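Secondary and tertiary structure notes
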Amino acid sequence: MAANTIPDISLNDGNTIPQFGFGVFQIEPKDTVAAVGKALEVGYRHIDTAQMYGNEAEVGQAVRTSELDRGEVFVTSKLNNGFHRPDDARKAFESTLQALKFDYLDLFLIHWPLPTLYDGDFVSTWKVLEELQRDGRVRSIGVSNFQVAHLERLAAEADVVPAVNQIEAHPYFGNEEVRAYDKAHNIVTEAWSPIAQGKVLDDPTIVDIAQQVGRTPAQVVLRWHVQRGDVVFPKSTTPKRIEENFHIFDFALDDAAMDRITGLDKGEAGRQGPNPDVFDYVPS
């Protein structure tokens, strides 16, 4: 019953995605099965992983041992930065399915555009994802950390519009230009680092609103994301926090509270992660 409280968002390819999920970034493989298992027990039905996280196998194990049908759990993974060349991307995707021990993936993303690498060619990489979707091995395809210029290039040179764009977004960095482009082009925005790695939780505005509504600062920030219409997936290995984060659908923030939180935006100075225009990390 709890899972039914999570809204589904329609994607531009006819599929849907649960608006609220569970992220496993920086969760050690040894801790992943327990964390994901707890999340599924609580009612999460959307798990976000990536090849570079190193815990795909454990995510798959948790889903298989949960006693839930595979079709009940929406699973996302992302392409390793070292495998952008088309043949490498195809092999990497097969490795993801093998690690998860799934027949298909719900959503597969290009993790970073890497415009300074691979001769700046992320379009040929994207066309591999189009191919995987046509073959039915992945149901929806999207991108992560794509700026407006990157999205415009895909629109000009590719056949399929990304279903989602997963970007850094939180009260200190609203990433509004990219969110506006996504909305105008029917691309769902997903917010990573939704609480700015915990930095916003002590903000006086957040604390004040949390006290007013009788919720934790984390619940308030996650609720802000949801009311903005974005997909969000907090991460935790603490069972109490996993459960606490889930309970954000039985209250709402009024317009004044929403505006106060949105007003915390520091622009580029609020960015916690790397800038996608220059990020060029490739795992050794």
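Thresholds applied
- Residues numbered from 1 in each chain as written.
- Predicted model: local features only at pLDDT ≥ 70, side-chain atom pairs only at ≥ 80, totals over all residues.
- Heavy atoms only, no water.
- Salt bridge = Lys/Arg side-chain N within 4 Å of Asp/Glu carboxyl O.
- Buried < 20%, exposed > 50% of the residue type's maximum accessible area, 1.4 Å probe, protein only.
- Core = buried A, V, L, I, M, F, W, Y, C linked by side-chain atoms within 4.5 Å.
- Contact = heavy atoms within 4.5 Å.
- 1 Å grid on protein atoms, 1.4 Å probe; cavity = no way out; pocket = protein on both sides within 12 Å on 5 of 7 lines; lining within 4 Å.
- Points joined across faces, edges and corners; volume = space filled by probe spheres on them.
- Pairing = 2+ DSSP bridges.
- Helix = DSSP H or I, 4+ residues; strand = E, 2+ residues; numbered from the N terminus.
- Axes fitted to C-alpha atoms, helices over the stretch in contact; angles between N-to-C directions.
- Left-handed = near helix turned anticlockwise from the far one by under 90°.
- Nonpolar A, V, L, I, M, F, W, Y, C, P; charged D, E, K, R; others polar.

A look at the pattern of salt bridges
- All chains considered together, the criterion is met by 17 salt bridges.
- Among the ionic pairs, lysine 30 bridges to aspartate 31, the shortest N-O distance being 3.3 Å.
- The class of lysine 30 is exposed, set by a relative accessible area of 69%.
- Three or more residues joined by partner-sharing salt bridges are found here, namely Glu176, Arg179, Arg228 and Asp230.

What to know about the nonpolar core
- Of all hydrophobic cores here, the largest spans 68 residues; its most connected members are Phe20, Phe22 and Leu253.
- Apart from the residues lying within four places of it in its own chain, the contact partners of phenylalanine 20 are Ile6, Tyr44, His46, Leu222, Val226, Val232, Pro234, Asn245, Phe246, Ile248 and Phe249.
- Within the second largest apolar cluster, 16 residues are counted, among which are Leu11, Phe74, Leu114 and Ala163.

A look at empty space enclosed by the protein
- This structure, assessed with the given rule, holds 1 cavity of 30 Å³ or more.
- Quantified by volume, the largest cavity comes out at close to 40 Å³.
- The wall of the largest cavity is formed by Asn145, Phe146, Gln147, Ile167, Glu168, Asn175, Val178, Arg271 and Pro276.

Describing the sheet that holds strand E9 (residues 188-192)
- The 8 strands are arranged E3-E4-E5-E6-E7-E8-E9-E10 in an open sheet whose pairing can be described as parallel. Only two strands of the sheet have a single partner each, and these edge strands are strand E3 (22-23) and strand E10 (231-232).
- Bridge analysis of E9 against E10 gives 2 bridges, and the strand direction is parallel. Its bridge partner lying in E10, glutamate 190 is registered against valine 231.

Re unusual backbone geometry
- Positioned with a positive phi, glutamate 67 is a non-glycine residue whose angle comes to about 70°.
- Note that glutamate 67 resides in the loop between helix H2 (56-64) and strand E5 (74-79).
- Although it is not a glycine, leucine 114 adopts a positive phi angle of roughly 50°.
- Of note, leucine 114 is situated in the loop between strand E6 (105-110) and helix H4 (123-134).

Quick look at the packing of helix H1 (residues 29-42) against H2
- Between H1 and H2, the least distance of the axes is 8 Å, while the angle of their chain directions is 35°. Between H1 and H2 the crossing geometry is right-handed. For the pair formed by H1 and H2, the contact residues are Pro29, Thr32, Val33, Val36, Gly37 and Leu40 on the first element and Glu58, Val59, Gln61, Ala62 and Val63 on the second.
- Split into classes, the residues belonging to the contact of H1 with H2 amount to 7 nonpolar, 3 polar and 1 charged.

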